[in-house]
Amino acid sequence: KLRFAARTGKHKVILTPGAPDGSRRRKVELYDLEADPHERVNLAPGERRLTRALLRRLKQRETELRAEGPPVYLRVRPLPDPSGEERLRELGYLVDPPDSGPGATGSAGPDS
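Residues numbered from 1 in each chain as written. Predicted model: local features only at pLDDT ≥ 70, side-chain atom pairs only at ≥ 80, totals over all residues. Heavy atoms only, no water.

**With respect to the overall build of the protein**
- If you tally the helices and strands in the protein, you get 2 helices and 3 strands.
- Listing every helix and strand of the protein by position from the N terminus yields β-β-β-α-α.
- In the protein, which comprises 112 residues, the proportion classed as buried is 17%.
- Looking at the protein alone, contacts between residues at least 24 apart form 22% of all its contacts between residues at least 6 apart.
- In the structure as shown, the protein presents an accessible area of about 9,300 Å², 53% of it carried by carbon and sulfur atoms. (Helix = DSSP H or I, 4+ residues; strand = E, 2+ residues; numbered from the N terminus. Buried < 20%, exposed > 50% of the residue type's maximum accessible area, 1.4 Å probe, protein only. Contact = heavy atoms within 4.5 Å. Areas by Shrake-Rupley, 256 points an atom, 1.4 Å probe, with all protein chains shown as cover.)

Structure (C-alpha cells):
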C-alpha cells in the first residue's frame, strides 16, 4: 500500500491515503523515534498540532517534488552532438542491432 512519511528531529509522521472509493480511510500516524524507535505507539490522536505541522511539511515537499519533474534518471537527454554518439559507439556503450550494420538489407527472417 502507498504511504508517505516526513521526519523532523525525533518525530516521524506517516500518511496512508484513503481509497478513492471510500473502502479504506486515510490513516495518520505520529511517532517519537527517540522514545519509540520501533514505532509502536501512535501519538497522532494526542498530538494534533504537531501532526498537522508535519503533514503540512509533507505536503510542501510533495509540491516541491512535483515541480521538479521526474527524477533525473528517468529524464532522456539528447546527445550533445553527433560525434558524441560516435565516441560512445567506439567505446562500446552503443551497439547496432545485428541486422542493421553495413550491408544489411532488411529483416533476417525466413520470408525475406
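After presenting the structure, the write-up continues.
**Details of the confidence of the model for the protein**
- In the predicted model, the protein carries a mean pLDDT of 77, and the fraction of residues at 70 or more is 71%.
- For the protein, helix H2 (residues 82–90) is the element with the lowest average pLDDT, namely 74, and strand S3 (residues 27–32) is the one with the highest, namely 93.
- Every residue in residues 104–112 is under pLDDT 50, and counting partners more than four places away or in other chains gives 5 contacts. (pLDDT = per-residue confidence, 0-100.)

**Quick word on the sheet that holds strand S1 (residues 4–8)**
- Reading across from one edge, S1-S2-S3 is the order of the 3 strands in this open sheet, with antiparallel pairing throughout. Edge positions in the sheet fall to S1 and S3, since each of these pairs with one other strand and no more. Sheet twist, expressed as the average angle between the axes of neighbouring strands with direction ignored, equals 15°.
- Here strand S2 (residues 11–16) runs beside S3; their pairing, made up of 6 bridges, is antiparallel. Across the sheet, residue Thr16 finds its bridge partner in S3, namely Lys27. (Pairing = 2+ DSSP bridges. Axes fitted to C-alpha atoms, helices over the stretch in contact; angles between N-to-C directions.)

**Overview of the pattern of salt bridges**
- Applying the stated criterion across every chain, the model contains 4 salt bridges.
- For Lys12, the salt bridge identified is with Glu39, shortest N-O distance 2.9 Å. Here the residue Lys12 occupies a position in strand S2, and Glu39 occupies one in the loop between S3 and helix H1 (48–68), the gap between them amounting to 27 residues.
- With its nearest N and O atoms 3.6 Å apart, the salt bridge here joins Lys59 to Glu62. With Lys59 and Glu62 both in helix H1, this residue pair falls 3 residues apart, about one helical turn.
- Judged by relative accessible area, Glu62 falls into the partly exposed class, the value being 27%. (Salt bridge = Lys/Arg side-chain N within 4 Å of Asp/Glu carboxyl O.)

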